[in-house]
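Take a look at the letters that make up each chain.
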There are 2 protein chains.
Amino acid sequence: MTYELYYWDGIQGRGEFVRLALEEAAADYIDITRQSGRGHGTGAMLAIMKSDSEAQLPFAPPFLKDGDLIISHVANILLYLGPKLGLAPDEEGLRYVANGLQLTVTDFVAEVHDTHHPIATSLYYEDQKEEAKARSAAFIKERIPKFLGYFERVLKQNPAGPGHIVGDTLTYVDLSLFQIIEGLVYAFPKAMSNYRRRYPLLAALHDSVEQRPNIARYLKSDRRLAFNTEGIFRHYPELDTDVS
Amino acid sequence: MTYELYYWDGIQGRGEFVRLALEEAAADYIDITRQSGRGHGTGAMLAIMKSDSEAQLPFAPPFLKDGDLIISHVANILLYLGPKLGLAPDEEGLRYVANGLQLTVTDFVAEVHDTHHPIATSLYYEDQKEEAKARSAAFIKERIPKFLGYFERVLKQNPAGPGHIVGDTLTYVDLSLFQIIEGLVYAFPKAMSNYRRRYPLLAALHDSVEQRPNIARYLKSDRRLAFNTEGIFRHYPELDTDVS
């Protein structure tokens, strides 16, 4: 069965965490809104979201359709796909540990979004720029070190070694951490300039993911969109400050 | 085995979503930070969080300890406990639907928090009050209707009937929706004044949960702390506005 991924066209956004897992596993999937024709395109996604009869109504994209099942939220999609794609720990207990780590990624991504939209998602960035500067300053000073420092500690304390965030094999959480680093380096190049020194294990994990053949191939393909200022990670130079 | 719940003492906060499930099921659990003695109290919680050897390091409370397993994040704890407490759907597919709904609750709770802390968690409310007013106005005008309207639609479109948010039995998501309504009515009484008319199915679900014997007994007990301005849901009259 072909997985159907539904997400906004034109951005990496939250959908990218799912794409990386599907691409690493060379899974059979369709990025529905990037295709045209009947049952494809953004219209097909909105039809599900606006349906007045759908029982498994998603609150927001991304969501995944696998046959009759609709699964929404990134962490939930990865929880579901992980074992099927060989990207989850074998041990059941560790699957909850992986899910907990992914939910920390989720929280971090929400905070990244709010650096440029601290007041209202409905307002333009330009209309909340001053508040965005204040929020970004706190994000760079306090939140990046808190989250990246946490993941660095988890890598260091992994009893199976620091090569993976949980267990001794690649999981979807490793792929998500790669994307977190990619996104932060794009959005906050000054703030992230010394990240390799501060978070060496995370940097090594990032590089090892980047070099995996399926990921390397994906990153070079036209399926990987460039970062831009419509997504979650946005580069606004006025929000990026050096950390001393 | 007794479940050990770790959460900040003195507030309902995010821990309350877990407590409601444990209480409804009359599960054997200890609220660790509200007890004293060896292995109890806030010190016991911080010892786990600050450990330099713990393999399953939580990012933040709440977390649950079940034997050797540490599970963090509310939705993850409920995913784990749900089947054990008889509070998850029997059908596996619906468990992912339940988890997706709970993750929407999670996102909403994060937005509730940011109404009083839109710039930085590290700053006092008083130091971001003007921004909090702007964010709360947008929250009341746009986000409460978006989230509660979504849950109302899901109830209406539940093929098993509108008595539960998923399937035909009580799940932990129903309990969490009760808590969402309780918290919003406490924090934003003006904005929520007409919620029964606008979201009748949610109101009915709230009332049915409130009347369950184990929940009713819990709400009257001293284990249920009062809402206060230290938790997630805070009542600051200046942030609460009428919806017309």
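Throughout what follows, the structure given in this document is the object of discussion. This one's a predicted model, so the numbers in the text were calculated from it and none came from an experiment.

Topic: the overall build of chain A
Alright, step 1. The helix and strand tally for chain A stands at 9 helices and 4 strands.
Alright, step 2. Starting at the N terminus and ending at the C terminus, chain A contains elements arranged as β-α-β-α-β-β-α-α-α-α-α-α-α.
Alright, step 3. For chain A, whose C-alpha radius of gyration is 18 Å, the value lies close to the compact-globule estimate of 18 Å for 244 residues.
Alright, step 4. Relative to its full complement of 244 residues, chain A shows a buried share of 58%.
Alright, step 5. Put simply, of all contacts in chain A between residues at least 6 apart along the chain, 68% involve residues at least 24 apart.
Alright, step 6. Accessible surface, chain A: about 10,000 Å² in total, of which carbon and sulfur atoms supply 49%.
Alright, step 7. Taken as two groups, the 26 positive and 33 negative side-chain charges of chain A have centres that lie 4 Å from each other.

Remarks on the sheet that holds strand 1 (residues 3-6) of chain B
All names here are of chain B.
Alright, step 1. The 4 strands are arranged 2-1-3-4 in an open sheet whose pairing can be described as mixed. Looking at strand neighbours, the two that pair on one side only are strand 2 (29-31) and strand 4 (69-72), the edges of this open sheet. Strand-to-strand twist across the sheet, computed as the mean angle between neighbouring axes with direction ignored, equals 20°.
Alright, step 2. Pairing of strand 1 with strand 3 (residues 63-66) involves 3 bridges; the strand directions are antiparallel. Within the sheet, the bridge partner assigned to Leu-5 lies in strand 3 and is Leu-64.

Here's the deal with the relation of the copies chain B and chain A
Alright, step 1. The transform that puts chain B on chain A rotates by 180° and translates by 0.0 Å along the axis, for an RMSD of 0.0 Å. The symmetry that links the two subunits is that of a two-fold axis. Residues of chain B ranked by C-alpha distance from the rotation axis are headed by B:Pro118, positioned 3.0 Å from it.
Alright, step 2. Taken together, the interface assignments show that 100% of the residues at the interface of chain B recur at the interface of chain A, consistent with an identical surface on both copies.

Things to note about the interface of chain B and chain A
Alright, step 1. Facing the 46 residues of chain B at the interface are 46 residues of chain A.
Alright, step 2. Both faces combined, the contact of chain B with chain A buries some 3,900 Å², and carbon together with sulfur accounts for 61% of it.
Alright, step 3. When the buried area of chain B at its contact with chain A is split by residue, B:Phe59, B:Tyr96 and B:Gln157 rank highest and sum to 19% of it.
Alright, step 4. The tally of links from chain B across to chain A stands at 2 salt bridges.
Alright, step 5. Between A:Arg135 and B:Asp114 there is a salt bridge whose closest N-O contact spans 3.3 Å.
Alright, step 6. Those elements that place two or more of their residues in the side of chain B that touches chain A are helix 2 (41-50), strand 4, helix 3 (74-85), helix 4 (92-116) and helix 5 (129-157) of chain B.
Alright, step 7. Ranked by residues supplied to the side of chain B that touches chain A, first place goes to helix 5 of chain B with 11 residues.

Notes on helix 4 (residues 92-116) of chain A
Alright, step 1. Here helix 4 of chain A contains 25 residues, and its C-alpha end-to-end distance of 38 Å stays within 8% of the 36 Å for a straight helix at 1.5 Å per residue.
Alright, step 2. With 19 of 25 residues buried, helix 4 of chain A is to be regarded as a mostly interior element.

As for the pattern of salt bridges
Alright, step 1. For the structure shown, the criterion picks out 28 salt bridges over all chains.
Alright, step 2. Taking the shortest distance from any N to any O, the salt bridge between A:Glu16 and A:Arg19 comes out at 2.8 Å. On the criterion of helical spacing, the pair formed by A:Glu16 and A:Arg19 is a turn pair, its members being 3 residues apart in helix 1 (residues 15-24). Grouping residues by exposure puts A:Glu16 and A:Arg19 together as buried.
Alright, step 3. The shortest N-O distance in the salt bridge between B:Glu111 and B:Arg143 comes to 2.8 Å. With B:Glu111 in helix 4 and B:Arg143 in helix 5, the pair connects residues that are 32 residues apart, well separated along the chain.

Quick notes on the packing of aromatic side chains
Alright, step 1. This structure, assessed with the given rule, holds 22 aromatic pairs over all chains.
Alright, step 2. Taking 5.1 Å as the distance between ring centres and 80° as the angle between the ring planes, the aromatic pair formed by A:Tyr150 and B:Phe59 counts as edge-to-face. Of the two residues, A:Tyr150 is situated in helix 5 (residues 129-157) and B:Phe59 in the loop between helix 2 and strand 3; the pairing between them involves two chains. Accessibility classification places A:Tyr150 together with B:Phe59 in one group, the buried group.
Alright, step 3. Taken together, the ring pairs connect A:Phe59, B:Phe108, B:Phe139, B:Phe147, B:Tyr150, B:Phe151 and B:Phe188 into an aromatic cluster.
Alright, step 4. One residue, A:Lys146, lies across the ring of B:Phe59, its end atom 5.3 Å from the ring centre.

Thresholds applied
Residues numbered from 1 in each chain as written. Chains lettered and ligands numbered in written order. Predicted model: local features only at pLDDT ≥ 70, side-chain atom pairs only at ≥ 80, totals over all residues. Heavy atoms only, no water. Helix = DSSP H or I, 4+ residues; strand = E, 2+ residues; numbered from the N terminus. Rg over C-alpha atoms; globule rule 2.2 N^0.38 Å. Buried < 20%, exposed > 50% of the residue type's maximum accessible area, 1.4 Å probe, protein only. Contact = heavy atoms within 4.5 Å. Areas by Shrake-Rupley, 256 points an atom, 1.4 Å probe, with all protein chains shown as cover. Lys, Arg positive; Asp, Glu negative; His and termini not counted. Charge placed at Lys NZ, Arg CZ, Asp CG, Glu CD. Pairing = 2+ DSSP bridges. Axes fitted to C-alpha atoms, helices over the stretch in contact; angles between N-to-C directions. Least-squares fit on C-alpha atoms with pLDDT ≥ 70 in both. Buried area = accessible area lost by both parts, 1.4 Å probe. Salt bridge = Lys/Arg side-chain N within 4 Å of Asp/Glu carboxyl O. Expected span 1.5 Å × (residues − 1). Phe/Tyr/Trp six-rings, centres within 6.5 Å; stacked < 30°, edge-to-face > 60°. Lys NZ or Arg CZ within 6 Å of the ring centre and 35° of its normal.

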